[in-house]
Number of protein chains: 2
Amino acid sequence: MASLFLCRQLTPALQHNTRSLLSFHRYIHQNVYEYDGPVMKTEVPGPRSRNADAVNFFCDYEESRGNYLVDVDGNRMLDLYSQISSIPIGYNHPALVKVLQKPQNLSAFINRPALGILPPDDFNVNLKESLLSISPKGLQQVMTMSCGSCSNENAFKLIFMWFRKKERGLNMVTQEELDSCMINKFPGCPDYSILSFMGGFHGRTMGCLATTHSKAIHKLDIPSFDWPIAPFPKLKYPLEQFVKENKDEEARCLEEVEDLIVKCREKNKIVAGIVIEPIQSEGGDNHASDDFFRKLRAIAIKHGCAFLVDEVQTGGGATGKFWAHEHWGMDNPAEVVTFSKKMMTGGFFHKDELRPDAPYRIFNTWLGDPSKNILLTEVLNVIKQEDLLNNAVHAGKILMDGLLDFQVRYPHLVSRVRGRGTFCSFDTPDDVTRTNLISQTRNKGNIIYV
Amino acid sequence: MASLFLCRQLTPALQHNTRSLLSFHRYIHQNVYEYDGPVMKTEVPGPRSRNADAVNFFCDYEESRGNYLVDVDGNRMLDLYSQISSIPIGYNHPALVKVLQKPQNLSAFINRPALGILPPDDFNVNLKESLLSISPKGLQQVMTMSCGSCSNENAFKLIFMWFRKKERGLNMVTQEELDSCMINKFPGCPDYSILSFMGGFHGRTMGCLATTHSKAIHKLDIPSFDWPIAPFPKLKYPLEQFVKENKDEEARCLEEVEDLIVKCREKNKIVAGIVIEPIQSEGGDNHASDDFFRKLRAIAIKHGCAFLVDEVQTGGGATGKFWAHEHWGMDNPAEVVTFSKKMMTGGFFHKDELRPDAPYRIFNTWLGDPSKNILLTEVLNVIKQEDLLNNAVHAGKILMDGLLDFQVRYPHLVSRVRGRGTFCSFDTPDDVTRTNLISQTRNKGNIIYV
């Protein structure tokens, strides 16, 4: 079976009426913001495009708008997957165009500061209006980073520092620790680990890559850390037919997590944190029940491990809530939540108690980019003003009903239909079927993703 | 002794005349682009600023221009260090203001693409005008990344893949490799390493951090890889007085490098690459002779290790050449050169033979940011038009002469004066003297850095 990711849209074109009232803007050549449907002029990729390596086709971003991506051959396609889940409110949104045209914003786009030492005057206000306005429950601290991998890498480091501080208790850092860390040795560099799940994806830098287990092509030939890896539940669909089986499967995985934590401790390879996606995205849109995540969170608390929820792909609203972990309904969902993609900047939220005990411990030259925060502020305004979270719930329901209908009508093509909000996917019987389906769908003007 | 980094400027204010002819621009409130000197209104940080953790003070970027950084209290300071060596041609350069105001550039700033799969129409042209116009000798391939750490992380991965391919020869990838890499194990994840130098700094994500050895605060409590670390030459100054001693010191370090490579191989911990900065920057502005680097390069070739030159801090012109490694005068200087900071985007150049053998092996969602390439194109134009490389040579000479004069006059304060172009530094007898000197210099309107 091969998974096919259907949609990551927050502003689904299933709901044209939500967008057509937006005002005319001079850089948008037509008199309504949104296009009214796909228009195909050639096969994709067309003659003016090229596809080599990973490139699908070349794009005309000036002509793209709303949910529609236009290629260099003039084909206008509904971008259901919004690039790699990374375009928050569509192409050339008038609100973002205005941000770029405001003279007072200009400076932020050309004077990228070293944010950790020389922040701009308005940076605190800017953070309050952007990231701090959507901070997850209990996580009042935020740091920005340049991308998703850097966000997870630095979140891991934050967790290691926090864990070591707990272990150290009232003892001071020793000279032996200071000396040994400079040459990558114990005790300055302790034998800590982050527990991850088979099928998970948390990025491709070397710390992240040790917790990523979705495809061999990401990991082959790269040295790694010997960190524990737990199974992620493999649910059977339709869910209502396999209640008992799925419950048992989740229990098995939770037991394995606890077992790994205990066994690692016996070998003095301490699990400092657990990292998980609310929906395993890159690894095949694998879901688990809210109950599974609540129980996993309880295991983390019981064993003193930090719980890191990676919302790089799930954050930003496509699941119908701003953060996918809100579906779990918890007051204390995590120690750290990482983000990137739709958030336009990477970064992470964390609890006060994880704040580093000295400056420069979590640091780099740029620490994000304030110009992205300015864009994010406007994106968040649009999400509120256009009620896009409810839009994702409503459009997601229509989409899911359609997919379930397909599943009944074309069982030889479509199985395991699943999703939350518009974050939907299904399986095809094999890779060939999937590739054909993607290509045929694209040539009808709809971009979906593998 | 404590090192004090004096300057990373490409557009030194020692040369006011090079800038004063630039035309009036409406977002710049005065009728010349450059200010004519520092103006101090309060001590720094002043009453409207704050300094906490690493933050020095808050900045008014709209009012800053050229070499002068203005804080929120209206203090105008000569930013000799250009943030963290990261502002290429000063604040609010009129050429960059124009880039933001061109309607055809707007789309690139608001529609950040997933560059690896859906590049913009003009991306190849854009790369030719920006990064490929300054590619180091023999390195025709380029990839962009979001920051310096991601650049080095991905360069390491490129080197591991290239090395493994050489070792594999005509053999195919085995199923055992594919299966074992998914769980972080040998042989899929081989026991390869990158050899680094004491005092080096290559970033703070976990792969990079294993090669960073400048300050304990970066590394304490973070698990690491057991990779080999060689000594970097500790040169004695003035160089002309210690010719024999310095030559012996460099020979000792080179011998140690070769010894480490051989010993690692005996333990089956293969050195796949060597990473080095042309000037160890974060670690204290440590220089070595051009001859040292040429001999080190020869050792890398002899043992089949990739040579990775990290130009994240040295690249962009401050040493008087665009890339600091050009001072070595070699036709085959490296397999990979990484960059970030003054280049506005992270990334790396590499030889054709290091190109990955399959798509998605080196990949992430954004793979840089085309809007930064557009800014970089203009930065490179300014560097050419204003002849800034020669400016750095000329101003660097004036600066160095002044520092050598200080060293004669104030030997109790200034020692080991060293530099290349404007990339200059000196030592003070202790941390207290250094801190006082930075503070007093800042309150006279000059920002230098520790």
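None of the values given here were measured: they were computed from a predicted structure.

For the overall build of chain A, give the residues involved together with the corresponding values.
Check the secondary structure of chain A and you find 13 helices and 13 strands. Rg of the C-alpha trace for chain A: 23 Å, near the compact-globule value of 22 Å for 450 residues, within the 12% margin. Taken over the C-alpha atoms alone, chain A extends approximately 70 × 55 × 40 Å along its principal axes. Residue pairs in contact within chain A that sit at least 24 positions apart in sequence constitute 73% of those at least 6 positions apart.

Any details on the interface of chain A and chain B? Residues and values, ideally.
Tallying the contact residues gives 103 residues for chain A and 104 residues for chain B. Note on chain A versus chain B: buried area summed over both sides is about 9,800 Å², and carbon and sulfur give 62% of it. The largest contributions to the chain A side of the interface with chain B come from Met182, Arg204 and Asp221 of chain A, which together make up 8% of the buried area. For the pair chain A and chain B, the number of links is eight salt bridges. For Arg361 of chain B, the salt bridge is made with Asp221 of chain A, and the minimal N-O distance between the two is 3.1 Å. Scanning the region where chain A abuts chain B turns up 48 residue pairs in polar contact (both at pLDDT 80 or more). Among the elements of the structure, helix 1 (82-85), helix 2 (94-101), helix 3 (103-110), helix 5 (148-168), helix 6 (175-182), helix 7 (206-209), helix 8 (216-219) and helix 11 (370-385) of chain A are those that each provide at least two residues to the side of chain A that touches chain B. With eight residues, helix 5 of chain A is the largest single contributor of residues to the side of chain A that touches chain B. Within the side of chain A that touches chain B, the residues separate by chemical class into 58 nonpolar, 24 polar and 21 charged.

Outline helix 9 (residues 243-266) of chain B, listing residues and values.
All names here are of chain B. The end-to-end C-alpha distance of helix 9 is 35 Å, a good match for the 34 Å that 24 residues give at a rise of 1.5 Å each. Every buried residue belonging to helix 9 is among Asn246, Glu249, Glu250, Cys253, Leu254, Val257, Leu260, Ile261 and Cys264, and all of these are buried. Looking at the buried positions of helix 9, the neighbouring elements they touch are strand 5 (193-197), strand 6 (229-230), strand 7 (271-276) and helix 10 (290-303). Taken from the residues just after helix 9, Asn268 is the one with a positive phi, measuring 60 degrees.

Give me the confidence of the model for chain A: which residues, what numbers.
All names here are of chain A. Predicted confidence across chain A gives a mean pLDDT of 93, with 95% of residues reaching 70 or more. Low pLDDT, under 50, characterises residues 13-31; the predicted model gives this stretch 43 contacts beyond four residues in sequence or across chains. Among the scores for the predicted complex, ipTM is 0.94 and pTM is 0.95.

Which residues make up the side chain of Glu311 of chain A, and what are the values?
Residues and elements named next belong to chain A. If you trace the backbone, Glu311 turns up in the loop between strand 8 (306-310) and strand 9 (336-339). An unpaired buried charge is present at Glu311: no salt bridge exists, and Arg420, the closest side chain of opposite charge, is 9.9 Å distant. Only 2.9 Å separates the side chain of Glu311 from the backbone nitrogen of Ala324, close enough to count as a polar contact. Discounting residues that sit within four places of it in the chain, Glu311 has contacts with Pro278, Trp323, Ala324, His325, Val337, Thr338 and Phe339.

Let's hear about the relation of the copies chain A and chain B: which residues, and what values?
For the pair chain A and chain B, the superposition axis carries a translation of 0.0 Å, the fit reaches an RMSD of 0.0 Å, and the rotation angle comes to 180 degrees. What the superposition gives is, in effect, a two-fold axis relating one chain to the other. An overlap of 100% is found between the interface residues of chain A and their copies at the interface of chain B, pointing to a shared contact surface.

Can you break down the sheet that holds strand 3 (residues 76-79) of chain A residue by residue, with the values?
Strand-to-strand pairing in sheets goes through backbone hydrogen bonds, with the strands running parallel or antiparallel. Residue and element names in this part refer to chain A. A sheet is described by the order of its strands in space; here three strands give the open sequence 2-3-13, paired in mixed fashion. The strands lining the two open edges of the sheet, one partner per strand, are strand 2 (68-70) and strand 13 (446-447). Both strand 2 and strand 3 contribute to a ladder of three bridges, which runs antiparallel. Considered in strand 3, the bridge of Tyr68 is made with Leu78.

So what about the domain arrangement of chain A? Which residues, and what values?
Residues and elements named next belong to chain A. Each assigned domain of chain A is listed here: domain 1 (1-112 + 386-391 + 429-450) and domain 2 (114-368). The gap between the C-alpha centroids of domain 1 and domain 2 is 30 Å. On the domain 2 side, the residues contacting the 14 residues of domain 1 number 18 residues. In this assembly, domain 1 packs against domain 2 so that about 1,300 Å² is buried in total across both faces, 51% of it on carbon and sulfur atoms. Considering only the side of domain 1, the residues that lose the most area to domain 2 are Arg8, Arg112 and Leu389, jointly responsible for 43% of the buried surface there. Taken together, the connections running from domain 1 to domain 2 amount to one salt bridge.

Break down the sheet that holds strand 12 (residues 423-428) of chain A for me, citing the residues and quoting the values.
All names here are of chain A. A sheet is described by the order of its strands in space; here three strands give the open sequence 1-12-11, paired in antiparallel fashion. Both edges of this open sheet fall to strand 1 (2-7) and strand 11 (415-420), since each of them pairs with a single strand only. On average, each strand axis in the sheet is tilted by 20 degrees relative to the strand beside it, whichever way the strands run. Relative to strand 12, strand 11 runs antiparallel, the two being bridged by four bridges.

Pulling in residues and values, what's your account of the pattern of salt bridges?
Within the structure shown, the criterion is met by 56 salt bridges over all chains. For Arg168 of chain B, the salt bridge identified is with Asp221 of chain A, shortest N-O distance 2.7 Å. Here Asp221 of chain A lies in the loop between helix 8 and strand 6 (229-230) and Arg168 of chain B lies in helix 5 (residues 148-168), a pairing that spans two chains. Grouping residues by exposure puts Arg168 of chain B and Asp221 of chain A together as buried. Among the salt bridges present, the one from Glu63 of chain B reaches Arg65 of chain B, with a minimum N-O distance of 3.6 Å.

Please provide a residue-by-residue account of the packing of helix 9 of chain B against helix 10 of chain B, values included.
Residues and elements named next belong to chain B. Helix 10 packs onto helix 9 with a crossing angle of 15 degrees between their chain directions and a minimal axis gap of 10 Å. With respect to each other, helix 9 and helix 10 are oriented roughly parallel. Crossing hand, helix 9 versus helix 10: right-handed. For the pair helix 9 and helix 10, contact is made by Glu250, Cys253, Leu254, Val257, Glu258, Ile261, Val262 and Arg265 and by Phe292, Lys295, Leu296, Ile299, Lys302 and His303, respectively. When grouped by side-chain class, the residues that make up the contact of helix 9 with helix 10 number eight nonpolar, one polar and five charged.

Tell me about the pairing of strand 4 (residues 141-145) of chain B, and please be specific about residues and values.
All names here are of chain B. The element strand 4 is largely enclosed, with a buried count of five among its five residues. Burial along strand 4 is two-sided: Gln141, Met143 and Met145 and Val142 and Thr144, pointing in opposite directions, are all buried. Where strand 4 meets strand 10 (residues 346-350), five bridges bridge the pair, whose relative direction is antiparallel. Bridge pairing in strand 10 places Met145 opposite Gly346.

Tell me about the nonpolar core, and name the residues and values.
Residues Phe197 and Phe292 of chain A together with Phe197 and Phe292 of chain B are the most contacted members of the largest nonpolar core, which totals 216 residues. When residues no more than four places from it in sequence are discounted, the contact partners of Phe292 of chain A are Phe197, Phe232, Pro233, Glu250, Cys253, Leu254 and Ile276 of chain A.

Explain a negative patch on the surface to me, and be specific about the residues and the numbers.
On the surface, Glu62 of chain A together with Asp121, Asp122 and Glu129 of chain B cluster together into a negatively charged patch. For Asp121 of chain B, the location among the structural elements is in the loop between helix 3 (103-110) and helix 4 (123-129).

Could you give an account of unusual backbone geometry, naming the residues involved and the relevant values?
Residues and elements named next belong to chain A. Across the junction of Val44 and Pro45, the peptide omega takes the value 0 degrees, indicating a cis bond. If you trace the backbone, Pro45 turns up in the loop between strand 1 and strand 2. Phi at Asp221 takes a positive value of approximately 80 degrees, unusual for a residue other than glycine. For Tyr360, which is not glycine, the phi torsion reads 70 degrees and is therefore positive. On the secondary structure map, Tyr360 appears in the loop between strand 10 (346-350) and helix 11. With relative accessibility at 30%, the residue Tyr360 sits in the partly exposed group.

Parameters and conventions
Residues numbered from 1 in each chain as written. Chains lettered and ligands numbered in written order. Predicted model: local features only at pLDDT ≥ 70, side-chain atom pairs only at ≥ 80, totals over all residues. Heavy atoms only, no water. Helix = DSSP H or I, 4+ residues; strand = E, 2+ residues; numbered from the N terminus. Rg over C-alpha atoms; globule rule 2.2 N^0.38 Å. Contact = heavy atoms within 4.5 Å. Buried area = accessible area lost by both parts, 1.4 Å probe. Salt bridge = Lys/Arg side-chain N within 4 Å of Asp/Glu carboxyl O. Polar contact = N/O pair within 3.5 Å; in protein donor to acceptor, adjacent residues only side chain to side chain. Nonpolar A, V, L, I, M, F, W, Y, C, P; charged D, E, K, R; others polar. Expected span 1.5 Å × (residues − 1). Buried < 20%, exposed > 50% of the residue type's maximum accessible area, 1.4 Å probe, protein only. pLDDT = per-residue confidence, 0-100. Lys, Arg positive; Asp, Glu negative; His and termini not counted. Least-squares fit on C-alpha atoms with pLDDT ≥ 70 in both. Pairing = 2+ DSSP bridges. Domains from an automatic or database assignment. Axes fitted to C-alpha atoms, helices over the stretch in contact; angles between N-to-C directions. Parallel < 35°, antiparallel > 145°, perpendicular 65-115°, else oblique. Left-handed = near helix turned anticlockwise from the far one by under 90°. Core = buried A, V, L, I, M, F, W, Y, C linked by side-chain atoms within 4.5 Å. Patch = residues over 30% accessible without salt bridge, like charges linked within 9 Å, V, L, I, M, F, W, Y side chains within 5 Å. Areas by Shrake-Rupley, 256 points an atom, 1.4 Å probe, with all protein chains shown as cover. Charge placed at Lys NZ, Arg CZ, Asp CG, Glu CD.

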